[in-house]
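Notes for the structure review
One-letter residues, chain by chain:
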Amino acid sequence: EGPMNNVDLRSISVGGKPMVLVTAADRGTYGVRAWLLDPATLRLSSWGHMPTEAAFGEPYGFCMGQFAGRTFAVANNKDGAVHAYAVREGAGGKPEMTPMHQWKLGSQTEGCVVNDATGDLYVGEEDVGIWRMSLADPKAAPVKIAAIDGKRLVADVEGLTLMRDGGRTFLIASSQGDSAYAVWELAGGGYEWIGRFRIGGGAIDPVTQTDGLDAWSGPIGAYPEGAIAVHDHCDGDGAKDPAAAVCDSDGKQQNYKLVDWRAVKAALGLK
């Protein structure tokens, strides 16, 4: 259905039936593409296309959120524009989205994630850092919470996700430039630096140049405390150390790898 860049999902009701709304930024038709996943059958069906404004241009980064009774689709572009849209079931049972909030950063953006509990929206400006905006207070100016410093966070910053562990919430960012992941804990309205980790090679190859990542908080399958799914730029790289891996995408398959959250916690020294 076109070149998709980022994907996210939230539970909603359509026609009075509980469904899972799956959406992705469509870079070909300049909009958001929507599907419905039926939790009873696990079948995915196309729901429709929701165009972004003509002046917005190509939607590049994308994420979803739910706050104050609304479901939001958040798209950003290479010029640093960040737009939040309210999504609902419209006429004829098809999806509609209405522009609600806008922010502007100085350069190319992509990865984003919404904390549904607070309405905080986190957006990565690839060569600058990570910003916080607010669906609860959209008129407030964006706040930079982490800067590209070449140490904790290395350009370019890409995927962002939130991991909830007990009563704690962690923000995880992929530093695509050095195949590493930076972690902060959200606590008391602030951001406590936790550390960095890489996903090394073992029985399979290491993870290199991650673009997107996502976290599942809580038990899932073989992961009793949760897992993270990460994009691996090229499969089969023979190096054990992702920092030393030479990754040429030509002729190599991109893929996704699952990592046990317990292993990440052990690497970071988290209890």
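Structure: above.
Residues numbered from 1 in each chain as written. Predicted model: local features only at pLDDT ≥ 70, side-chain atom pairs only at ≥ 80, totals over all residues. Heavy atoms only, no water.

Observations regarding the overall build of the protein
Within the protein one finds one helix and 19 strands. Its C-alpha atoms give the protein principal-axis dimensions of roughly 55 × 40 × 40 Å. The burial tally for the protein puts 51% of its 271 residues in the buried class. In the protein, of all internal contacts separated by at least 6 residues, the share reaching a separation of at least 24 is 45%. Within the protein, one finds 25 positive and 34 negative side-chain charges whose respective centroids are separated by 4 Å. (Helix = DSSP H or I, 4+ residues; strand = E, 2+ residues; numbered from the N terminus. Buried < 20%, exposed > 50% of the residue type's maximum accessible area, 1.4 Å probe, protein only. Contact = heavy atoms within 4.5 Å. Lys, Arg positive; Asp, Glu negative; His and termini not counted. Charge placed at Lys NZ, Arg CZ, Asp CG, Glu CD.)

Describing the side chain of Thr208
Mapped onto the fold, Thr208 is located in the loop between β16 (190-197) and β17 (213-217). With a relative accessible area of 1%, Thr208 lands in the buried category. With near-sequence residues (within four places) excluded, Thr208 lies in contact with Ser179, His231, Asp232, His233, Cys234, Pro242, Ala245 and Cys247.

Structural notes on the pairing of strand β2 (residues 17-26)
Burial analysis of β2 places eight of its 10 residues in the buried class, the great majority of the element. Pairing geometry for strand β1 (residues 4-14) and β2, over nine bridges, is antiparallel. Residue pairing for β2: Val14 is matched across the bridge by Lys17. Counting the residues in the hairpin turn of β1 and β2 gives two residues, including Gly15, whose phi is positive at 60 degrees. As paired elements, β2 and strand β3 (residues 31-38) share seven bridges and run antiparallel to each other. Pairing of Val20 across the sheet is with Leu37, part of β3. (Pairing = 2+ DSSP bridges.)

Notes on the state of the cysteines
Defined simply, a disulfide is a covalent bond joining two cysteines at their sulfur atoms. One pass over the structure, following the stated rule, counts one disulfide. There is a disulfide in this structure between Cys63 and Cys112, and the S-S distance comes to 2.3 Å. Looking along the S-S bond of the Cys63-Cys112 disulfide, the torsion reads about -120 degrees, which is the left-handed sense. A residue pair is termed long-range when its members are at least 10 positions apart, and Cys63 in strand β5 (residues 61-67) and Cys112 in strand β9 (residues 109-115) qualify at 49 residues. (Disulfide = S-S within 2.5 Å.)

Some thoughts on the sheet that holds strand β13 (residues 157-165)
With respect to topology, four strands assemble into an open sheet ordered β13-β14-β15-β16, the strand pairing being antiparallel. What marks the edges here is a single partner per strand, and that holds for β13 and β16. Strand-to-strand twist across the sheet, computed as the mean angle between neighbouring axes with direction ignored, equals 25 degrees. When β13 meets strand β14 (residues 168-175), the two strands line up antiparallel, connected through seven bridges. Counterpart to Met163 in the pairing with β14 is Phe170. Each of β13, β14, β15 (180-187) and β16 is contacted by helix α1 (residues 261-268), which is oriented at about 95 degrees to β16, the strand it contacts most. (Axes fitted to C-alpha atoms, helices over the stretch in contact; angles between N-to-C directions.)

Some thoughts on the nonpolar core
Core analysis: the largest hydrophobic core is formed by 19 residues, its most contacted members being Leu21, Leu36, Trp47, Phe62 and Met97. Not counting chain neighbours up to four residues away, the residues in contact with Leu36 comprise Ile12, Val14, Met19, Val20, Leu21, Arg43, Leu44, Ser45 and Trp47. Counting residues in each nonpolar core, the second largest holds 18 residues, with Met163, Ile172, Val183 and Val264 among its members. (Core = buried A, V, L, I, M, F, W, Y, C linked by side-chain atoms within 4.5 Å.)

Regarding the pattern of salt bridges
If you walk through the whole model with that rule in mind, you get 16 salt bridges. Put simply, Arg33 and Glu1 hold a salt bridge, and the shortest N to O gap is 3.6 Å. Pair noted here: Arg33 is in strand β3 and Glu1 is in the segment before β1, with a separation of 32 residues, a long-range link. Residue classification places Arg33 among the buried residues on the basis of a relative accessible area of 13%. Taking relative accessible area as the criterion, Glu1 reaches 52% and is therefore assigned exposed. Residues Lys257 and Asp205 are paired through a salt bridge, measuring 3.3 Å at the closest nitrogen-oxygen approach. Of the two residues, Lys257 is situated in strand β19 (residues 255-260) and Asp205 in the loop between β16 and β17; the sequence distance between them amounts to 52 residues. Considered together, Lys257 and Asp205 belong to a single accessibility category, that of buried residues. (Salt bridge = Lys/Arg side-chain N within 4 Å of Asp/Glu carboxyl O.)

Observations concerning the packing of aromatic side chains
All chains considered together, the criterion is met by four aromatic pairs. Just above the ring of Tyr60 sits the side chain of Lys78; from NZ or CZ to the centre is 4.9 Å. (Phe/Tyr/Trp six-rings, centres within 6.5 Å; stacked < 30°, edge-to-face > 60°. Lys NZ or Arg CZ within 6 Å of the ring centre and 35° of its normal.)

Considering α1
At 3.6 residues per turn, the α-helix brings residues three or four places apart onto the same side. Those residues of α1 that sit buried are Trp261, Val264, Lys265 and Leu268. Buried residues of α1 fall within an arc of 100 degrees about the axis and therefore sit on the same side. Facing away from the buried side of α1 by over 90 degrees, the exposed positions are Ala266 and Ala267. Where α1 is buried, its residues contact β13, β14, β15, β16, β18 (226-232) and β19. A positive phi of about 75 degrees marks Gly269, the residue just after α1. (Arc of directions from axis to C-beta.)

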